[in-house]
Amino acid sequence: MDVLGLTFDEVRAVLRPREHEVKPLRAVYRALVCGQTPPDPTETPLPHCAALDADVLPIDRRLEDGDLTKFVQRTHDGLEIESVVVPMQRTHGIWRTLCVSSQVGCARGCTFCETGQLGLLRNLTASEIVGQVTAAQRDFAGGIRNVVFMGMGEPLDNYDNVIRACRVLMDPNGLSLACERLTISTVGRTEGIRKLARLGWRRLNLAVSLNAPNDEVRSRIMPINRLEPMATLREALLDYPLRKCQFFMMEYVLIPGVNDAPEHAREVADYLRPLKCMLNMIPYNPRSDSPWRAPTEVEVQQFLGWLEELGQGCKRRITKGRSQMAACGQLGNRALARRRRRASAESG
Ligand code: SF4
């Protein structure tokens, strides 16, 4: 039984261990899901323990860029899952944030995003999502502190598997990540945002890719906006039950000549004014064959300055990982996606 897609209670419900078997079973579950070696089988001679397994996909490639690491796992059907480990120095040591993928490719087709150029190949299972964390825990000595759904794919397009994966990640019998350590980042699927609101996970962090000052620009670079324009998105966010000290993280990929003019800053500030939010500025990381360049530091600082003058709280994402196509918006293997499409067209 693959434990990566199951909480311990679900494992228990299937195996129905007797009371004295629960503790050793839990120890095996925890070790497997955390990427550790399970206790010696001679010390846990229960048939139930032998039934557990963790289908952690092997790491096929590791690419380093400074202190950032992208790793690639190959799925059983020959696709690739990309994840990125981002370390952060803190007073008590290094915290690592893991950026996980929820799909291979993505159907949303944002024009600035490498993953969007792949199209959707398929959703990841909950086991494949949790398996990224388990592999990273194993390879980075258990130092994964935060998990952000900002890798390949739109998490709310794979809602059930993403939520199942979150339940496994938060399970106190296993990885035991606190809900506030998880962030779901969406392109603005309002139905999914409303479903998340109903879930009642008040500590879950929500990030939203805004990336544009108005509907005209947003529809041009993010096709989702033609279905769900900015006003609809804001309505869903206004209805979302934030905690007192919580705010949305609104992501803004700054693309020179597209969304970086002074009037754009004014429009963005006006749009965000009713929302409790922080704007997270991400200098554009060019995808392959990009029609746009990355902004200069002067352009980034200028746009941030305009927003701050308008009273909009901002953070700036430090650019890391560009040289290995590991930065935000750069994940995905286009050549592999093309080969897969060709192969499936030929076979059928
Ligand atoms: S930005 Fe996100 S939603 Fe848009 S194409 Fe890329 S992965 Fe998909």
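Above this text is the structure in question.
Keep in mind that what you see is a predicted model, and the values were worked out from it rather than measured. All residue numbers here refer to positions counted from 1 along the written sequence of the relevant chain. Note on the predicted model: pLDDT of at least 70 is required for a residue's local features to be given, and 80 or more for side-chain atom pairs to be given and counted; whole-chain, interface and lining totals, by contrast, use all residues. Side-chain numbers come from the whole structure's heavy atoms, not from hydrogens or water.

Being near a molecule or strand, for a residue, comes down to having at least one heavy atom within 4 Å of it. Surrounding the ligand, one finds Cys106, Arg108, Gly109, Cys110, Cys113, Gly116, Gly153 and Val187. Under the scheme applied, nonpolar residues are Ala, Val, Leu, Ile, Met, Phe, Trp, Tyr, Cys and Pro; charged residues are Asp, Glu, Lys and Arg; polar residues are all the others, including Gly. The class makeup of the residues in the shell around the ligand is four nonpolar, three polar and one charged.

Helix and strand definitions follow DSSP, with helices as H or I runs of at least four residues and strands as E runs of at least two, each counted in order from the N terminus. Of note, glutamine 312 is situated in the loop between α12 (297-309) and β12 (314-316). Buried, partly exposed and exposed residues are distinguished by accessible area as a fraction of the type maximum, computed with a 1.4 Å probe on protein chains only: under 20%, between the cut-offs, and over 50%, respectively. Residue classification places glutamine 312 among the buried positions, given a relative accessible area of 8%.

Our focus in this paragraph is the sheet that holds strand β8 (residues 182-186). The strands that make up a sheet pair up through hydrogen bonds in the backbone, lying either parallel or antiparallel. Think of it this way: DSSP has to see at least two bridges between two strands before they count as a pair. Strand order in the open sheet formed by 10 strands is β1-β2-β3-β4-β7-β8-β9-β10-β11-β12, and the pairing between neighbours is mixed. Across the chains shown, the open sheet's two edge strands, defined by having one partner strand only, are β1 (59-65) and β12. Put simply, the sheet's adjacent strands are angled 25° from each other on average, direction ignored. By the bridge criterion, seven bridges tie strand β3 (residues 80-90) to strand β4 (residues 93-99) in an arrangement that is antiparallel. Of the residues in β4, the one forming a bridge with proline 87 is arginine 96. To obtain each axis, a line is fitted to C-alpha atoms, and for helices this fit is confined to the stretch in contact; angles are then taken between N-to-C directions over 0 to 180 degrees.

Another aspect to go through is the pattern of salt bridges. Here, a salt bridge means any Lys or Arg side-chain nitrogen found within 4 Å of an Asp or Glu carboxyl oxygen. Across all of its chains, the model carries 21 salt bridges by this definition. For the salt bridge of aspartate 60 with arginine 74, the shortest nitrogen-to-oxygen distance reads 3.9 Å. Separated by 14 residues along the polypeptide, aspartate 60 in strand β1 and arginine 74 in strand β2 (residues 68-74) bring together distant segments of the chain. Residue arginine 293 is joined to glutamate 299 by a salt bridge in which the shortest nitrogen-to-oxygen separation is 2.8 Å. The class for arginine 293 is partly exposed, based on a relative accessible area of 45%.

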